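# Descriptive structure summary
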Amino acid sequence: MNAVCGEGNLNAEIMLVAQAPGEKEDKEGRMFIGPSGKVLDELLKSAGISRQAVYMTNLIKCALPKYRKPKQDEIEACSCYLDEEIELIDPRILAPLGYCAARYIFQKYGLLSPSKSEFSSIHGKLFLADDKKILPLPHPAVLLHNADFEQDLKKSYRKLQVASKVCKWHPVCPMKRFYEEGRLDGKWIELYCKGDWESCVRYQMEERGEPHPDWMLPDGTLDEKLHGRKRR
Ligand code: SF4
């Protein structure tokens, strides 16, 4: 049995964290070289992200018998290596792949950990924690068991590319001005303008050419405190 080290771009903005190595990874001591790796490559390609641009690692560094879930004592024994990798690589976006990795990352950053049944509802949703953005994604192996989920996974993985860019409307958006004037919490900028701008209601209305008030927040709620300035 091999302990499989993380690998990839040491200056990566994106770090993928899977659960544990598979059989092939265990034999060769490399990340994502088995069937799941092929699926991951396809998902990254469809998201416009190259494998060379990311750093990838596992929560548990050794293969688990019959792909079972890691036990708590195994997580406690092994997670110090992941903690150190996160500190060294210092990615802007941490993307846990699958439930176990997501639960560990959520707990590490003091976020409310989703239950297993809720996990699919947060796939591709962005969370803020310290200076990181957490983007939980389904593990690529999901597609080895059920190809029907392909479009869902592609949609979730596309968020990696979205979160890597800034919204094209940011330079002229009232939210930027409100933030610079100290009237808007920076979490809106990080979560939407420099995060998942595709999910911003303002962005969607802008794309459809629909008028919307300056004091509409990215989630579509109207903030009367921001009222009273010129409309966009
Ligand atoms: S508030 Fe929405 S439209 Fe404006 S810059 Fe941010 S993401 Fe883009």
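Right, let's walk through the structure included here. (Residues numbered from 1 in each chain as written. Predicted model: local features only at pLDDT ≥ 70, side-chain atom pairs only at ≥ 80, totals over all residues. Heavy atoms only, no water.)

### Let's talk about the nonpolar core
By size, the foremost hydrophobic cluster in this structure holds 26 residues, and its most contacted members are Met15, Leu82, Leu94, Ile105 and Ile134. Every element with two or more residues in this core is listed here: β2 (14–18), α3 (72–89), α4 (99–108) and β5 (127–129). The dominant element in this core, judged by the number of residues it contributes, is α4, at six residues. Residues in contact with Leu94, not counting those within four places in the same chain, are Met15, Val17, Ile86, Ile105, Tyr109, Lys132, Lys133, Ile134 and Leu135. Ranked by size, the runner-up nonpolar core spans 25 residues in total, among them Ile14, Met31, Val39 and Leu160. (Core = buried A, V, L, I, M, F, W, Y, C linked by side-chain atoms within 4.5 Å. Buried < 20%, exposed > 50% of the residue type's maximum accessible area, 1.4 Å probe, protein only. Helix = DSSP H or I, 4+ residues; strand = E, 2+ residues; numbered from the N terminus. Contact = heavy atoms within 4.5 Å.)

### Here we look at the site of the ligand
Lining the immediate surroundings of the ligand are Cys167, Trp169, His170, Cys173, Met175, Tyr192, Cys193, Trp197, Cys200, Arg202, Tyr203 and Pro218. Counting only elements with at least two residues in the shell around the ligand, the list comes to α8 (186–193) and α9 (201–208). In terms of residue class, the shell around the ligand is built from ten nonpolar, one polar and one charged. (Near = heavy atom within 4 Å. Nonpolar A, V, L, I, M, F, W, Y, C, P; charged D, E, K, R; others polar.)

### Here's the deal with the packing of α3 against α4
Across the interface, α3 lies against α4 with an axial gap of 12 Å and an inter-helix angle of 70°. The angle between the axes of α3 and α4 places the two elements in the roughly perpendicular class. Crossing of α3 over α4 shows right-handed handedness. Contacts from Ile75, Ser79, Leu82, Asp83 and Ile86 in α3 reach Arg103, Tyr104, Ile105 and Lys108 in α4. (Axes fitted to C-alpha atoms, helices over the stretch in contact; angles between N-to-C directions. Parallel < 35°, antiparallel > 145°, perpendicular 65-115°, else oblique. Left-handed = near helix turned anticlockwise from the far one by under 90°.)

### Considerations on the packing of helix α2 (residues 35–46) against helix α6 (residues 150–163)
It is the contact of α2 with α6, at a shortest axis distance of 8 Å, that shows an interaxial angle of 65°. When the axes of α2 and α6 are compared, the crossing they make is right-handed. Side by side, α2 and α6 meet where Leu40, Leu43, Leu44 and Ser46 of the first sit next to Leu153, Lys154, Tyr157 and Leu160 of the second. Its residues assigned to classes, the contact of α2 with α6 shows six nonpolar, one polar and one charged.

Don't take any of this as a statement about function, it's just geometry.
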